[in-house]
Amino acid sequence: MRKNRKWNILYIFFAFVLFFPVLLLLVKSVSYGWRWGEIIPTSFSARGFDVLLNDSRFYSAIGMSFLIGNMVILLNLLIAVPAARALAFHTFRGKSLVEVVLLLPILIPSLAVAMGIHITMIRLGLADQWLGVVLVHLIPTVPYSIKILRSGFERLGQKWEEQASSLGGTKMAILYRIYLPQLLPSFRSMVFLIFVISLSQYALTSIIGGGNVLTLAMLYFPFLSSVDEAVIASFSIVFALLPICVMIGFELVFRLVIPYQKRVFLD
Amino acid sequence: MKWFKSNNWSLALLPAFLFTFCLVVYGLFMAAQESVTTLNGFSLDAYKNIFDNEAFLESLTYSLRIAFVSTVLSLVLGLLLTKFLFETLNNHLARTVVWLPMLFPHFVWGYMMILLFSQTGWFSTMLHAMSIIDSPDQFPVLTNDRYGIGIILTYTLKEIPFVVLMLLPVYAQLNRDLPNVVMTLGGNKWHVFKTVEWPWLFPVLMEAGLIVFAFILAAFEVPYLLGTTYPKMVSVLAYEWFYQGDWSKRPESFAVMMTVTAIIFGLLIILLSLVSRSRYRMMKGNGM
Amino acid sequence: MNEKIVIEKLSKSYGEKCIISNMSLTIEQGEIISVVGPSGSGKSTLLKCLAGLEPVSAGSIKVGEKDITSMQANQRPIVMMFQQPLLFPHMTVLENVMIGLSFKRKGTKAEQKEQAANFLMKVGLEGYGKNYPYELSGGQQQRVALARALITNPQLMLLDEPFSSIDNEKRDELRLWVKNLLKEEGIASLFITHDIEEAMLMGDRVVIFAEQIVQQVGKPLDVYEEPATPFVAKFYSDGLLIGTDSFVHSKKLTVVIEQSEECYQSYAGKVVQKKVKHGSLFYDIQIEALHQKLTLPSVENLDLSQHVWVTVKKEQDVVHLKNSV
Amino acid sequence: MNEKIVIEKLSKSYGEKCIISNMSLTIEQGEIISVVGPSGSGKSTLLKCLAGLEPVSAGSIKVGEKDITSMQANQRPIVMMFQQPLLFPHMTVLENVMIGLSFKRKGTKAEQKEQAANFLMKVGLEGYGKNYPYELSGGQQQRVALARALITNPQLMLLDEPFSSIDNEKRDELRLWVKNLLKEEGIASLFITHDIEEAMLMGDRVVIFAEQIVQQVGKPLDVYEEPATPFVAKFYSDGLLIGTDSFVHSKKLTVVIEQSEECYQSYAGKVVQKKVKHGSLFYDIQIEALHQKLTLPSVENLDLSQHVWVTVKKEQDVVHLKNSV
Amino acid sequence: NLNNSDNAGEELKEKDWSDITELAEGSKVRIFMWGGDEGINRYMDEWVAPNLKEAHNIELERVPMDTNEILQKLSTEKRANKEEGTIDIIWINGENFKNAKEFELLYGPFSEKLPNYQNYVDTESLDVQYDFGTEVEGLEAPWGKVQFVFQYDEEKIPTPPANFEELKDWIKENPGKFTYPDANDFTGNAFLRHVLYDAVGGPEKLLENGYDEKVLANHADALWSYLREIQPSLWRNGETYPATLTDLDRLYSQGEVWMTMGYNEARAESLIKDGIFPESTKSFVLDSGSIGNTHFLAIPFNSPNKAGAMVAIDFLMSPDAQLAKYESTYWGENMALDPTKLPEDAQEKLANMDRGASVLSPEKLSESLLPEVDAEYVNWLKEHWVNEVVQKQ
Ligand SMILES: Nc1ncnc2c1ncn2[C@@H]1O[C@H](COP(=O)(O)OP(=O)(O)OP(=O)(O)O)[C@@H](O)[C@H]1O
Ligand SMILES: Nc1ncnc2c1ncn2[C@@H]1O[C@H](COP(=O)(O)OP(=O)(O)OP(=O)(O)O)[C@@H](O)[C@H]1O
Ligand SMILES: [Mg+2]
Ligand SMILES: [Mg+2]
């Protein structure tokens, strides 16, 4: 028991270290003229939030970010679920090569490959469209989804699939009714991570989206090069709130879509 | 047709594989081409130039050092966090708090570090309020400093959650009896870690480390905000050479990026050879 | 629906390695066949091939007139049960039992539920429908797994060591119960086990599988009493193998302390172990000359390490076996 | 080094739930004690307490004069072996065997290696040192695990169903072999098993553990023939329990087809199963009046479902048991 | 019709302004510009967009994007032969313009066609004909002018230095309270050019022959020695410099340093209003003068609506639009137009406008105005500054 408490203190410490900067950011977003020497600001103002809420494109940008983020999540599911399953359950020659290639997008400097990607997208006729943006957002996200889902599949193992298919389940039915509910924690992590990554893509979005596709990052990133800290802070908070909304939204969707939820499995 | 049937997995992997291959490998190819193309056609001048450039070499070592230190720190802290708080982290809410830094882009996280650790940051103010210092310049230089402390601090804190995310499944899958085996054979806690946990952690840590390392080496926002004027991290150099001036430095910029890519590839190959054999044995082993 | 299952010239290899070669077997409706064989001989592989979880290399599997060799696992009228109950942990017991029906979309949800409840009752678990698998004991879980398999009304049930993870006391009860259920429902089944006693108990016939082929098929006691090959004799029956092809069944052997002249043959042995089984005394006797250990009953009280003689009374007690099938 | 292990008034609870209460037991040096008991009765918990993997709630454990109750697991001269071999998959067999020595830093690396090779030879696995565990069969792995445990030269070895995951053929061989090895090395041991036959075979004495306490301790056959409580009679011995405290041992029972007047008592029964064991015939007989099933030998040929009589010859064959310890 | 947009662009050059206006009617124009300033954004969204809609029925869409990225996008599109882009107008000057011109990313010449350019701009002036020494050649139209000023905190510095000598002395007296951004930063480089002008003895020599290595060879030492001399007394002892003006501003807003600087003589106003800069912030220029700088609007080669772009640019150069931009409620930036050419009422309005206490008087500003020099000097400073100053500690 005592041992447990010791770790809890450690946890609280860690949580605090990670939470404290965020707290400071919150205060900063409503502070006015906060200078060195003042532990808490002496005056407050909602100007930071005013600036974003008054930006005419703020809401449409949020909408677009949601649209793109969710599309990216869906496509990730379509691409990563079979790939992760295959990597988890099968061994074959050249498997490590495939793994390396799938890891490349997060290893190579994105500036280096941006031009090539842009040219490809122009050739495909997808540049300057939101669909194109969705596709390029897959590049930095798919490797992560595959990683997360793969370890989920590995943890469960193939035995469930064998048992269920022997009972007459089709591949889809097994995936949906046996693996999906049990992989829920993996899906949660995946949705979270992917949305965060998609949301914070600025360079790829601006180049491929060509301004036709205005996401929150497009509005937000230019402000990062201004000295207006209240705006940066309030933007950052909104920026961080979106994934939380998406998580809640997906939680509801999971409740509706994923079967057998009476017993919630958290692990 | 038969081939597809018997190699079901290939069909499943095809979209992901083709997709990354077409976009990323083609992009890489373009970048490589760009780095060896000048107005007079093919030339390796760009590489010659950067490797003759004292400033580049120095910033390369500087970057490698910073990337290495931040990676190791975030791995170690992430590992400690996961190891000791595994039970706590099983709780959904507790995990959410640890993941907090992931919600913010790197740049913002860097900015928060400035709010906290700069000479006029909140800690400095705090020390002032406690009458330990009486002017900002008595506060130690932790941002925009020579040694990249600010950058390291930012990356370390920001990447810890990622490391935790990668390690949680490993701990979830660890065999619960093996630690008992070690204990009963006379091993202490350290032996348990070394013989039971480490072999499984090692490949995952290496992979996470590589991802983090590659990211730190390639991303420029944080060092741009928190770095020093000299030496700069290579990513900042590449960025400046890419965008600024009259674009005559672009081949150099691409050469820098290709060099970084080559380094990462080198590491990747080393890690693969280190990890793959032991992983294979463990896959077959009964320990899991 | 009198359909027998016919396996014809089935072969299976993993890469270069041949696991099953040219195996044929006919399973009558409602018949329970026990399969025994050494570890790693390919029993589980055989079941997986039949269930459609592994592709076969050659041969055919027919259910009645229908060739199902190239059917997907989920379309075959064959269900496999594994060593572990493998109940889906996120579903209630009732949902677990229902799942086969809902995969096949048989009937409305309400009908499925009713039928599942019915089967739960059959396996003696009424009232557990709303529980989750982790709340059940191992034996109960195994029964749920059985109900889940039976409800799909398979024509062939494959059981891969289904009782090996259940403790001795409950195993006995479960065996009888499964046997009765399979008989009641008239479902043919292949039953793998490591336990010879269990194989005899469960099987209408038993198949001894080793070295890629079926070594012998027959009624449990018939095979026990008349093994066809030295391998079967050694693996499945009790007795003394003499040379490469002669065999004396245990029931034809007696243990005596003094060598007597009256018998056909006798071998010197040493008592290594004393056992009681169901109130009868048995002794493990090591026969050095033949490098064999033998368990024999004896009414006489023997001590450990005591030297004894194992005797064969008549010449016709020694049977000659074919060296292979 | 003649040190016996003395367990005194050991108690263990998980929270409110008492698992072991006030248990005392003395293990002589080199003695093998088999422990049997129903599933979930706390046998594994007992071993874990002895090994130091679980803290005890009360009582003491002494090795010789030394009280080790509050020692850490890694400091106790006690090694535990689990049901699975649990070899470290990333180490070679030799490294696995060596690991205990390297934990304790006994000798130089070369010496450790030599000793490990020595132990590998002892368990009949010379030449396997460089292999990895996955390349070994289950039985071989179990032997490596044993070598790994023995090399630390423990004073007490705890074995928690070490053979239950090994197939029947190899199990038999392994049992004998482990017993000899323990005897040779003079290591005391507690051996848990579900298998009564195995318990008899392995143990110098057997402990029947149930309902938080030791129900009976004694030589295997003594306990078998003279169970002290109805529980032991039912769980460990063979025979007929009559009422709450009367017991007739199987060897005092006979199966007859016709009821005769000569005997002291007889019960109506029905044959439910026919079995052969070591060449002898046995019948499972259900006695409805007592709600018991009984396995008895019979020379007569009986059919399934045939009605028979189970008879007790003399009044003194019925023993009266204490109702609890 | 691969060259559709190209042809249309060529045809457009032949057309009358009235035809162009007609063509632009009812279209949509996308302007890509840096979006990190709330005042500028509000000016574009709240003033320009509705008024342009009313005047020409053109819908203006502002897309926030860094000029770097805009050019990167255009050059890739050029390489991929994408004839129909998404950008109609870009905000550009200096090196970016030079690159864009060199890589033929711009449409034009077009500025001569714009009535407001003809009417109100001093077309003869060097800062309209040259953008950092690069000849404009009608590829971009001037949008605004800004002048380099220093900002300081009046409470801490009662009298700001008047020349570089005094600045040096002040820096030495107040160690750690001054710094300037990295040479790679737009503003940092401008500061260095000021020092260069001073070392050379005025911009004339630098302007004479465009980029002139000889002049540099003669005067470089003076420049570097000045910078090295102040270095030890700079913020953090000159071990590091703020990477961007933003960083310097942040230091200033926290009081770590006491001076900041920047193009745009009125930039402090809104920062004071938002509580970022202290209210006691004032600005000053050195006696040797301050560099003025013009920024422009250009049309990319593959703009899908070049006519609309031209009309919109013309509108942005109209006196009304320029006056609104001049107001410190929005942007507060100086006009690209020649005040003397303005109509009477506009001139009057201009004279009555109050730009705020932190802004120097128009007289003071115009009397100290210095021209920009060739962009090569900018590069030269970037290349040598690190070696000559930072590494020579
Ligand atoms: N996927 C596979 N690839 C290659 N070889 C395999 C594969 N699965 C099993 N084998 C091999 O096939 C042989 C038969 O395995 P199988 O599991 O069928 O044996 P078994 O008779 O069920 O043994 P046990 O009684 O121990 O369960 C083994 O030698 C095994 O190594
Ligand atoms: N960590 C624990 N916390 C609470 N209760 C426990 C814990 N471990 C075991 N128990 C309980 O203690 C009892 C004894 O468990 P134990 O594993 O010792 O039984 P066992 O005799 O070894 O059974 P088996 O023969 O099935 O292995 C069980 O009822 C179990 O539920
Ligand atoms: Mg098997
Ligand atoms: Mg146990």
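Note that the coordinates shown come from a computational prediction; the quantities given were computed from them, not determined experimentally. (Residues numbered from 1 in each chain as written. Chains lettered and ligands numbered in written order. Predicted model: local features only at pLDDT ≥ 70, side-chain atom pairs only at ≥ 80, totals over all residues. Heavy atoms only, no water.)

Undergrad: Explain the overall build of chain E to me, using residue names and the numbers behind them.
TA: Per the secondary structure count, chain E includes 18 helices and eleven strands. Taken over the C-alpha trace, chain E has a radius of gyration of 21 Å; the compact-globule value for 393 residues is 21 Å, and the two agree within 12%. Taking the principal axes of its C-alpha atoms as reference, chain E extends roughly 65 × 45 × 35 Å. A buried classification covers 65% of the 393 residues belonging to chain E. A separation threshold of at least 6 residues defines the contact pool for chain E, and within that pool the share at least 24 residues apart is 81%. (Helix = DSSP H or I, 4+ residues; strand = E, 2+ residues; numbered from the N terminus. Rg over C-alpha atoms; globule rule 2.2 N^0.38 Å. Buried < 20%, exposed > 50% of the residue type's maximum accessible area, 1.4 Å probe, protein only. Contact = heavy atoms within 4.5 Å.)

Undergrad: Lay out the sheet that holds strand β16 (residues 292-297) of chain C with the relevant residues and their values.
TA: For sheets, the rule is that strands pair by backbone hydrogen bonds, running either parallel or antiparallel. All names here are of chain C. Across the sheet, which stays open at both edges, the five strands sit in the order β13-β17-β14-β15-β16 with antiparallel pairing between neighbours. Whereas interior strands pair on both sides, the edge strands pair on one side only; in this sheet they are β13 (253-256) and β16. Taken over all neighbouring pairs, the strand axes of this sheet differ in orientation by 40 degrees on average, direction set aside. (Pairing = 2+ DSSP bridges. Axes fitted to C-alpha atoms, helices over the stretch in contact; angles between N-to-C directions.)

Undergrad: I'd like to hear about the side chain of H249 of chain C, residue by residue, with values.
TA: Note on placement: H249 of chain C falls in strand β12 (residues 246-249). One polar contact links H249 of chain C to S237 of chain C, side chain to side chain, over a distance of 3.3 Å. The contacts of H249 of chain C, once residues within four sequence positions are left out, are Y224, E225, S237, D238 and G239 of chain C together with G279 of chain D. (Polar contact = N/O pair within 3.5 Å; in protein donor to acceptor, adjacent residues only side chain to side chain.)

Undergrad: Now, about the packing of aromatic side chains: what can you tell me, with residues and values included?
TA: Under the definition given, this model contains 66 aromatic pairs over all chains. Both rings, one in F89 of chain A and one in F153 of chain A, keep their centres 5.8 Å apart while their planes meet at 80 degrees; by these two values the pair is edge-to-face. On the criterion of sequence distance, the pair formed by F89 of chain A in helix α3 (residues 58-89) and F153 of chain A in helix α6 (residues 130-156) is long-range, its members being 64 residues apart. For F153 of chain A, a relative accessible area of 1% translates into the label buried. Its guanidinium or amino end placed over the ring of W331 of chain E, K325 of chain E lies 5.1 Å from that ring's centre, counting from NZ or CZ. (Phe/Tyr/Trp six-rings, centres within 6.5 Å; stacked < 30°, edge-to-face > 60°. Lys NZ or Arg CZ within 6 Å of the ring centre and 35° of its normal.)

Undergrad: Give me the interface of chain A and chain E: which residues, what numbers.
TA: Between chain A and chain E, the contact holds 35 residues from the first and 37 residues from the second. Summed over both partners, the interface of chain A with chain E comes to about 3100 Å²; 52% of that surface belongs to carbon and sulfur atoms. Its largest share of buried area at the contact with chain E, chain A owes to R35, R57 and V227 of chain A, together 19% of the area lost on that side. Joining chain A to chain E, the criterion identifies seven salt bridges. (Buried area = accessible area lost by both parts, 1.4 Å probe. Salt bridge = Lys/Arg side-chain N within 4 Å of Asp/Glu carboxyl O.)

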